[in-house]
Amino acid sequence: MHFPFTLAVAAASVAPTALAATYSLSDNHVGSDFLSSFVHEAIADPTHGRVNYVDQATAIAQNLTYASGNTLILRADSKATLDPSGPGRNSVRIRSQKTYTTHVTVFDIAHMPEGCGTWPAAWETAETGWPDLGEVDISPNAMTLHTNANCNMPASRAQTGNPTSNVCDIVASGNTGCGVQSTTPNSFGPPFNAIGGGFYAMERTNSFIKVWFWQRSDGSTPGDLKGGASSINTDAWGTPNALFPNTDCDLASHFGPNNIIIDLTFCGDWAGIPSIFNGAGCAAFVNQNPSAFANAFWQINAVRVYT
Ligand SMILES: *[C@@H]1O[C@H](CO)[C@@H](O)[C@H](O)[C@H]1NC(C)=O
């Protein structure tokens, strides 16, 4: 194990605190690794999107999932015009085989799905018994916790983003959860893709959950995170975009083992509502305009998990 000299000296007197921010690389998901370390979930979309999630064999046969070298592409079909009474647009949802409790996940993303009606997400949860083991939405447009009862966030926190709600309980919040919007430019959508994307990272402990975002070319991006180091020190990563402390939410009892999930759906409970889609008719748009989804793809360089 290696850590900076100053930290090593401090460790003698305050070891638990000082060492808590040092993690070792546990899982390095890159390229074709995703085909064995994640499962393609051919399930009905729990968020009721105009989507047809396909299995891995179908995704590869249709080139919706493409893994090679340091590249993983996950995309929607952009060829078929759909029968309104038939299934939705073919797309992909993958879930890690492993579950994680306290850990850091780093997402190195080159491109995320864009376009009217698209709803991409990189997040962590346990699908069985949801939301009793918690949910952390990491990317793209909001950093949000969804929990069961009695989990709230303080109004004032050491974070750079803007909170939109401080109530994490899905019942009390109407399932909006407690969200924080990043104020860092280019954190999602076409502007994110135009700059070659960037890095999202989430640290989960029993004391706090933090989420950071850095643009790819941001000179302040931590070297250990950017370079895929074998060990990282999150204490050196600075103020997060979102901080969810345990002051009014016992994180240890609201969160359990979670899977990492990356998906792309359309319309549904969020992207389909008129205020987000900018009118009615999201599903009809998805049915009739396959070419509008040519840029509806994830290009992921790596997902690294540190424990
Ligand atoms: C599959 O997708 C990849 C990535 O976009 C592309 O390079 C490749 O040519 C595609 N393969 C086929 C057979 O279309």
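An unreviewed UniProt entry annotates the protein chain as endo-1,3(4)-beta-glucanase of Steccherinum ochraceum. Its UniProt record gives the protein chain a comment under Sequence similarities (unreviewed entry), which states: "Belongs to the glycosyl hydrolase 16 family." Under the heading Subcellular location (unreviewed entry), UniProt records this for the protein chain: "Membrane".

(A) Geometry of the nonpolar core. Counting residues in hydrophobic clusters, the biggest one holds 51 residues, and the most contacted among them are Phe107, Leu145, Tyr200, Phe244 and Trp298. Counting 11 residues, the second-largest nonpolar core is a separate cluster that includes Val106, Trp212, Trp237 and Tyr306.

(B) Examining the site of the ligand more closely. Taken together, Asn63, Tyr66 and Arg75 make up the full set of residues adjacent to the ligand. In the model, an oxygen atom of the ligand is placed 2.4 Å from a nitrogen or oxygen of the asparagine 63 side chain. A distance of 2.6 Å separates an oxygen atom of the ligand from a polar atom in the side chain of arginine 75. Protein burial of the ligand: of its 360 Å² of free accessible surface, 37% is covered by the chains.

(C) Representation of a nonpolar patch on the surface in the model. Taken together, the side chains of Trp270, Ile273 and Ile276 make up a nonpolar region of the molecular surface, amounting to roughly 230 Å² of accessible area. Assignment of secondary structure puts tryptophan 270 in helix α7 (residues 268–271).

The rules we used
Residues numbered from 1 in each chain as written. Predicted model: local features only at pLDDT ≥ 70, side-chain atom pairs only at ≥ 80, totals over all residues. Heavy atoms only, no water. UniProt positions renumbered as here; feature names shortened; annotations may be inferred. Core = buried A, V, L, I, M, F, W, Y, C linked by side-chain atoms within 4.5 Å. Buried < 20%, exposed > 50% of the residue type's maximum accessible area, 1.4 Å probe, protein only. Near = heavy atom within 4 Å. Polar contact = N/O pair within 3.5 Å; in protein donor to acceptor, adjacent residues only side chain to side chain. Areas by Shrake-Rupley, 256 points an atom, 1.4 Å probe, with all protein chains shown as cover. Patch = residues over 30% accessible without salt bridge, like charges linked within 9 Å, V, L, I, M, F, W, Y side chains within 5 Å. Salt bridge = Lys/Arg side-chain N within 4 Å of Asp/Glu carboxyl O. Helix = DSSP H or I, 4+ residues; strand = E, 2+ residues; numbered from the N terminus.

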